[in-house]
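Summary of the model geometry
Take a look at the letters that make up each chain.
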Amino acid sequence: MDVATLQYLLGMVGTVAFAVTGVLAVTPRGIDLFGACVLGLITAIGGGTIRDLILGVPVFWAADLNYIWVALAASFVAFLTERLLTRKEIYRTMLYLDALGLSMFAIQAAQKVMWIEFGMPLAPILMGVLTAIGGGLLRDVLAGQPTLLMRRELYAIPVTCGCVLYVVGLSWLPAYPVEFGITCSLFILVLRSAAIYWDLHVPLWLTTQSREKDQDEEN
Amino acid sequence: MDVATLQYLLGMVGTVAFAVTGVLAVTPRGIDLFGACVLGLITAIGGGTIRDLILGVPVFWAADLNYIWVALAASFVAFLTERLLTRKEIYRTMLYLDALGLSMFAIQAAQKVMWIEFGMPLAPILMGVLTAIGGGLLRDVLAGQPTLLMRRELYAIPVTCGCVLYVVGLSWLPAYPVEFGITCSLFILVLRSAAIYWDLHVPLWLTTQSREKDQDEEN
Amino acid sequence: MDVATLQYLLGMVGTVAFAVTGVLAVTPRGIDLFGACVLGLITAIGGGTIRDLILGVPVFWAADLNYIWVALAASFVAFLTERLLTRKEIYRTMLYLDALGLSMFAIQAAQKVMWIEFGMPLAPILMGVLTAIGGGLLRDVLAGQPTLLMRRELYAIPVTCGCVLYVVGLSWLPAYPVEFGITCSLFILVLRSAAIYWDLHVPLWLTTQSREKDQDEEN
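Cut-off values and rules
- Residues numbered from 1 in each chain as written.
- Chains lettered and ligands numbered in written order.
- Predicted model: local features only at pLDDT ≥ 70, side-chain atom pairs only at ≥ 80, totals over all residues.
- Heavy atoms only, no water.
- UniProt positions renumbered as here; feature names shortened; annotations may be inferred.
- Helix = DSSP H or I, 4+ residues; strand = E, 2+ residues; numbered from the N terminus.
- pLDDT = per-residue confidence, 0-100.
- Contact = heavy atoms within 4.5 Å.
- Buried area = accessible area lost by both parts, 1.4 Å probe.
- Salt bridge = Lys/Arg side-chain N within 4 Å of Asp/Glu carboxyl O.
- Polar contact = N/O pair within 3.5 Å; in protein donor to acceptor, adjacent residues only side chain to side chain.
- Core = buried A, V, L, I, M, F, W, Y, C linked by side-chain atoms within 4.5 Å.
- Buried < 20%, exposed > 50% of the residue type's maximum accessible area, 1.4 Å probe, protein only.
- Least-squares fit on C-alpha atoms with pLDDT ≥ 70 in both.
- Axes fitted to C-alpha atoms, helices over the stretch in contact; angles between N-to-C directions.
- Parallel < 35°, antiparallel > 145°, perpendicular 65-115°, else oblique.
- Left-handed = near helix turned anticlockwise from the far one by under 90°.
- Phe/Tyr/Trp six-rings, centres within 6.5 Å; stacked < 30°, edge-to-face > 60°.
- Expected span 1.5 Å × (residues − 1).

Here we take up the UniProt feature "transmembrane region" (unreviewed entry) in chain A. On the UniProt side, "transmembrane region" (unreviewed entry) is annotated at positions that read residues 6–26, 33–54, 60–81, 93–110, 122–142 and 154–174 of chain A here. Between the first and last C-alpha atoms of residues 122–142 of chain A the distance is 28 Å; the span itself is 100% helix and 0% strand.

As structure tokens, this is what we get:
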């Protein structure tokens with residue numbers, strides 16, 4: 001099995017993980033099968049879709065519908081087996097697979113942006129982060145729950161660090177793009193896994209205190 | 001009057017219905033005339049706009065601004081006559097006209113996607129559904145109310161059934177695209193009208209229970 | 001210093017003001033440094049980005065990353081100096097700079113749309129308004145707070161008036177596009193500044209009353 005095939009298979013694993021964690025993120029709010037499949041699909045392909053719109057290239061799934069089939073099937077199964085998947089140890093495994101998807105999709109996106117030399121050097125980082133978290137943001141907005149940006153979870157920050165490392169590093173070591181890409185993916189995976197394992201959060205001194213006690217009446 | 005003219009006129013009726021139901025969906029939350037017009041317009045043209053962005057074709061209203069004029073005028077009138085339109089029997093009529101718009105826009109979108117052979121066979125279904133419900137999703141998100149995906153309303157599911165029927169059917173009966181398109185539109189219209197008439201919802205066993213009793217404090 | 005350079009510099013001042021007011025709009029809800037930078041950036045460049053996607057032209061910041069650098073730096077500084085910036089007199093100054101950005105970006109967007117003759121005469125107005133308020137709408141949606149459209153603030157209405165004046169006026173006085181553009185920008189700036197200074201709102205008779213007392217349980 002060559003590198004491209006392995007990357008493709010890992011991409012499908014990441015798609016499954018995104019769809020499943022996407023569905024599990026909304027089932028506690030009460031949702032029907034249709035809504036679960038739509039939100040699972042959006043979590044899986046939303047970030048890459050917005051990225052491709054901004055880059056002005058055809059959306060990635062138009063040429064390879066497997067991303068959609070896999071995301072829909074995974075969402076369907078996740079909805080049906082939700083009680084099983086939310087068991088602590090299984091859910092943890094899904095979080096690690098989600099981290100795998102995160103790390104791959106981010107670096108792949110940065111590669112894609114550098115390849116077409118779009119808005120160098122900032123855009124590869126922005127698009128890497130957008131690809132990784134865009135689907136989850138869309139899902140949370142459509143499900144009416146607080147987005148990632150309002151939580152102190154260490155989710156987007158590992159991705160940003162990895163993408164910065166990738167873009168900066170490649171300008172120093174342009175000879176090994178594939179190897180360095182894999183290294184940066186692993187870097188993101190390790191950081192994010194550490195955040196899952198030790199339940200790490202953004203330290204409070206990097207956060208403003210919520211001051212919205214009495215705001216709910218106003219709205 | 002030929003088929004194209006009839007289709008165009010029905011499309012305008014659908015645009016009016018989308019804008020009016022869009023405005024009526026947000027007026028209970030307290031909104032000013034400007035916000036009502038913006039949200040009515042977004043409800044009417046939002047889904048088709050996102051579809052065209054994803055397809056990479058010019059947005060449909062750039063070439064024919066009548067969609068915008070009609071949506072803005074309908075929103076304006078709907079805001080002013082809101083007390084009249086929310087009377088039970090009139091509101092019901094608007095819901096049926098909304099169902100007419102839904103059924104036409106979905107199948108027209110599926111046709112458009114099949115015509116440019118984009119992501120066959122899944123994309124015509126996805127884009128049909130997106131065109132039908134995208135505007136309403138955008139409106140609900142901007143108005144800060146729960147989206148369609150979190151309710152048990154039978155709204156998107158009739159559309160999905162109709163689009164699946166259309167794509168699958170055309171691969172068996174490719175000789176009659178226009179007639180079959182009209183049939184599938186009627187199919188959606190009948191399903192959705194039945195849902196309105198008998199107040200049908202997604203059965204509870206296809207829904208996860210809401211478990212968010214004490215979550216509001218956390219957020 | 002020629003007109004183009006001045007316009008560019010004022011554009012950067014507007015970008016700073018958008019990013020800073022964007023960050024200050026979300027800090028009361030409790031947010032970390034990363035989220036603040038993302039939301040500040042989105043406030044500053046979100047509207048123009050959506051505009052360019054709809055127009056089908058390359059996003060404006062791809063060719064000139066200064067918009068991104070400036071927005072990120074301004075967001076970073078705004079997060080750190082938040083206690084200083086929310087002092088009443090300084091915050092007021094930021095609001096006026098935000099109004100300056102608003103008035104420039106709206107008319108520049110209308111100019112851009114007229115230049116490529118896209119959806120005349122309505123699209124220049126719509127895109128002018130979208131450019132001015134789109135970023136703020138995105139920010140509010142991602143931060144989970146009520147958007148501009150649900151408040152009675154006089155923010156989008158001055159922009160709309162200015163864009164209408166610009167498009168209608170240019171069809172009567174096509175000989176002086178630059179001078180007339182500056183006039184319309186000043187018109188928006190004056191209207192919006194008046195709204196800030198006297199704390200003006202949309203009059204209540206142009207607003208529907210909120211009737212959602214007992215709705216929170218339902219959702």
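Still to come is the rest of the account.
This part takes up the confidence of the model for chain A. All names here are of chain A. Confidence in the prediction of chain A, expressed as mean pLDDT, is 90, and 95% of residues score 70 or more. Low pLDDT (under 50) marks residues 212–219, which in the prediction has six contacts with non-local residues, meaning those over four places away or in another chain. As a predicted assembly, this complex carries a pTM of 0.92 together with an ipTM value of 0.90.

On the chain C side, the residues contacting the 31 residues of chain A number 27 residues. Here chain A packs against chain C, burying approximately 2500 Å² in sum over the two surfaces, 71% of which is carbon and sulfur. Where chain A packs against chain C, one counts zero salt bridges. On the surface where chain A and chain C come into contact, there are four residue pairs in polar contact (both at pLDDT 80 or more). Breaking the side of chain A that touches chain C down by element, the ones donating at least two residues are helix 2 (33–55), helix 7 (122–143) and helix 8 (156–172) of chain A. With seven residues, helix 7 of chain A is the single largest residue contributor to the side of chain A that touches chain C.

We now examine the nonpolar core. Ranked by size, the top nonpolar core spans 205 residues in total, and within it A:Trp61, B:Trp61 and C:Trp61 carry the most contacts. B:Trp61 has contacts with B:Ile45, B:Thr49, B:Tyr67, B:Ile68, C:Ile54, C:Phe118, C:Ala123 and C:Met127, leaving out every residue within four places of it along the chain.

This next bit is on the relation of the copies chain B and chain A. Mapping chain B onto chain A leaves a residual RMSD of 0.0 Å; the transformation is a rotation of 120° accompanied by 0.0 Å of translation along its axis. Such a combination of turn and shift is consistent with a three-fold rotation axis. Residue by residue, only 10% of the interface of chain B is reproduced at the interface of chain A, so the copies engage with different surfaces.

Another point: the relation of the copies chain A and chain C. Note on the chain copies: they are related by a rotation about an axis and a translation along it. Least-squares fitting of chain A to chain C yields an RMSD of 0.0 Å, with the superposition described by an axial translation of 0.0 Å and a rotation of 120°. Taken as a fraction of all interface residues of chain A, those also at the interface in chain C reach only 10%, which identifies the copy contact as different-surface.

This part takes up the packing of helix 8 (residues 156–172) of chain C against helix 9 (residues 177–197) of chain C. All names here are of chain C. As a packed pair, helix 8 and helix 9 sit with axes 9 Å apart at the nearest point and diverge in direction by 160°. Here helix 9 runs roughly antiparallel to helix 8, going by the angle between their axes. Here the hand of the crossing between helix 8 and helix 9 comes out right-handed. Contact residues: Pro158, Val159, Cys161, Gly162, Cys163, Leu165, Tyr166, Gly169 and Leu170 in helix 8; Pro177, Phe180, Gly181, Cys184, Phe187, Ile188, Leu191 and Arg192 in helix 9.

Helices that pack against each other are described as a pair by the angle of their axes relative to one another and the distance between those axes. Residue and element names in this part refer to chain C. Relative orientation of the contacting elements helix 2 (residues 33–55) and helix 4 (residues 66–80) amounts to 135°, with a least axis distance of 8 Å. By the angle between their axes, helix 2 is oblique relative to helix 4. As for how helix 2 packs across helix 4, the hand of that crossing is right-handed. When helix 2 is examined against helix 4, the residues Leu33, Ala36, Cys37, Gly40, Leu41, Ala44 and Ile45 are found in contact with a partner set consisting of Tyr67, Ile68, Ala71, Leu72, Ser75, Phe76 and Phe79.

At the interface, 31 residues of chain B touch 27 residues of chain A. Of the roughly 2500 Å² buried between chain B and chain A on both sides combined, carbon and sulfur atoms contribute 71%. In this structure, the connection of chain B to chain A is made through zero salt bridges. At the boundary of chain B and chain A, one finds four residue pairs in polar contact (both at pLDDT 80 or more). Counting residues per element, the ones that place at least two in the side of chain B that touches chain A are helix 2 (33–55), helix 7 (122–143) and helix 8 (156–172) of chain B. Per-element tally for the side of chain B that touches chain A: the top contributor is helix 7 of chain B, with seven residues.

This part is about the UniProt feature "domain: Glycine transporter" (unreviewed entry) in chain A. Residue and element names in this part refer to chain A. The UniProt entry lists residues 9–82 and 96–168 under the feature "domain: Glycine transporter" (unreviewed entry), expressed in the numbering used here. Helix and strand shares over residues 9–82 are 82% and 0% respectively, and the end C-alpha atoms of the span are 24 Å apart. The distance separating the terminal C-alpha atoms of residues 96–168 is 26 Å; by composition the span is 75% helix and 0% strand.

Right, let's get into the environment of B:Met104. All names here are of chain B. Checked against the element boundaries, methionine 104 lands in helix 6 (residues 88–115). For the pair methionine 104 and leucine 206, spaced 102 residues apart in sequence, the C-alpha separation works out to 27 Å. If sequence neighbours within four positions are ignored, methionine 104 has contacts with Gln7, Leu10, Gly11 and Ser185.

Attention now goes to the packing of aromatic side chains. Applying the stated criterion across every chain, the model contains 18 aromatic pairs over all chains. Centroid distance B:Trp61 to C:Phe118: 5.9 Å. Interplanar angle 85°. Geometry classified as edge-to-face. Of this pair, B:Trp61 sits in helix 3 (residues 60–63) while C:Phe118 sits in the loop between helix 6 (88–115) and helix 7 (122–143), each in a different chain.

The end-to-end C-alpha separation of helix 6 of chain B is 41 Å, in line with the 40 Å expected for 28 residues at 1.5 Å each. At the exit of helix 6 of chain B stands B:Glu117, carrying a positive phi of roughly 50°.

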